[in-house]
Amino acid sequence: MRCYANQLPSELKKGLKPFYLVFGEEPFQEAQCVQLIRDSAKAQGFDEVIKFTLAQGFDWQEIIAQYQSMSLFSARTIIELDLNQQKPGTPGANTFKKVVELENPDTILIVKGAKASQDVQRGAWFKALDKQGLFVPCYPLSGNHLKRWLDEQCQRLSLNLQNEAKLSLINATEGNLLACFQELEKLSLIHGDALITQQLVMQGLLNQSKFDIFDLSDALLNGHTTQAIKVLNKLASDNTEVVSILWAINKDLNTLISVQQGLLQGESLATLFKQKAIWKNQQAPVQTAINRLNIHTLESISSELALFDASYKQGVLIAPYQALAHICIKFCQPLDIPLPCHTNRQ
C-alpha cells in the first residue's frame, strides 16, 4: 500500500506492518520516515536494529538467516536494508519473495532505496512486499508541498513563525530539507513558542544552501542559467578548486560531443546511452542538452575550455570564476561574446 511521507505518522498509529519500502530522492525525508518507523516499532518492543547495505559480493542469505533467527538481545528485531542506489537483482528479488513467505511477527524489514521507477514497482518482489507492507515514496518538495511540510515541522516543534518568516526560510534553504529543519530546531531552542518574525529569522539565518559540483552539472545539462550561476557562486565562496569545476564541465562536454558525433553517424540515442554508460537518471538531462547544443556550439565551448585551462595553468587569469561563469552561460544558452580571459601581464 502506498503512503506518502506526511501520511506516515497517522498510518503508524493504526499499527505496524511487517515490511516497509522507503524509496525516493529526498534523503532527509527518507531518514525521517525510517526514524518514525523505528520509534513506533520500539514502543512495541522492537528494541534491536540490524543494518545491512547492498554492496558487491553481498550475501543475500544473511537477510533470510537474520529474518528467521531469534535475537540474543531483544524479543523483537528491525532489519534495515539499504539498497545503496541499486536494484536487488535476481538474488535479491528471490530473497524478498522468500521473506514474504516466511513472515515473522517478531521482525520488521525496512528496505531503503532510490526512487522506485515504474519498472521497479512492477517487479514481483516489490509487489509482494508492498501487498503485505507499506510503500513510502519520498519526493523532493517544492511549492505548496514544501510549505505544507514546513507547517508540519513547525507544529511538531511547537514553533510560531509568521508567514513572511516561513517564506524567508524556504527561500534561504532552497528546498534543502535538512538545512531547513536544522534552522527550525535552532529557532525552537532560542525562541520556544514565542512569535518568530521575519527579522528574527533573517538575523540568525545562515546560508544553508548546499551545492556541489554535481549540482552544477545538473544545471548545465538542463540549461538552467540562473541556477548554474548560483551554484558556481556558492562553489566560489566555498573555495572549491577551479580545476575540479573545470574537470566536471569538461567531463559533461566530452560526453555531449561524443553523443552528438554518434548521432551524426546515424546511431540511435538509446544505443549511444548504452555505449557511453550514461545512467538512466542522467539520460533526460543529457538529451535536453543534446537538443539545445549542436556540434558546432559544443566544439566552440571545448575551445574556450582549452583556452581557459591554458591561461589558468600559466597563472595569467585575473578572474577565473568570472571566466567559468561565461562558459557556464554559453553551455546553457547561445552566447557569441568571446571568453573574457583578462590577464595580469602587460
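The shown structure was predicted, so the numbers you read here are calculated from the model rather than taken from an experiment.

A. Region of the structure containing the environment of C328. One can find C328 in helix 17 (residues 320–332). Along the chain, C328 and G223 lie 105 residues apart, while their C-alpha atoms are 9.2 Å from each other.

B. Layout of the pairing of strand 4 (residues 107–113). A large share of strand 4 lies buried, amounting to seven of its seven residues. Of the pairings in the sheet, the one linking strand 1 (residues 19–24) to strand 4 comprises five bridges and is parallel in character. Within strand 4, the position partnered with F19 by the bridge is L109. The parallel pair strand 3 (residues 76–82) and strand 4 is bridged by helix 4 (residues 89–101), and the resulting crossover is right-handed.

C. Geometry of unusual backbone geometry. Although it is not a glycine, N84 sits at a positive phi angle of roughly 55°. You can see N84 is positioned in the loop between strand 3 and helix 4. Residue N84 is classed as partly exposed on the basis of its relative accessible area, which comes to 36%. One non-glycine residue, S158, lies in positive phi territory at about 55°. With respect to the helices, strands and loops of the structure, S158 is situated in the loop between helix 7 (143–156) and strand 6 (160–161). Assessed through its relative accessible area of 48%, S158 is described here as partly exposed.

D. Structural view of the confidence of the model for the protein. For the protein, the average pLDDT comes to 88, and 93% of its residues sit at 70 or higher. In the model, residues 342–346 has pLDDT below 50 throughout and makes 11 contacts with residues more than four positions away in sequence or in other chains.

E. Inspection of the nonpolar core at higher detail. With 38 residues, the main nonpolar core has L216, L220, I249, L256, F308 and F331 as its most contacted residues. Counting residues per element, the ones that place at least two in this core are helix 11 (213–222), helix 12 (225–237), helix 13 (242–264), helix 14 (269–275), helix 15 (280–292), helix 16 (295–313) and helix 17. Among the nonpolar cores identified, the runner-up in size contains 27 residues, and I64, I79, V111 and L129 belong to it.

Cut-offs and rules
- Residues numbered from 1 in each chain as written.
- Predicted model: local features only at pLDDT ≥ 70, side-chain atom pairs only at ≥ 80, totals over all residues.
- Heavy atoms only, no water.
- Helix = DSSP H or I, 4+ residues; strand = E, 2+ residues; numbered from the N terminus.
- Buried < 20%, exposed > 50% of the residue type's maximum accessible area, 1.4 Å probe, protein only.
- Pairing = 2+ DSSP bridges.
- Right-handed = clockwise from strand over helix to strand, strands pointing away.
- pLDDT = per-residue confidence, 0-100.
- Contact = heavy atoms within 4.5 Å.
- Core = buried A, V, L, I, M, F, W, Y, C linked by side-chain atoms within 4.5 Å.

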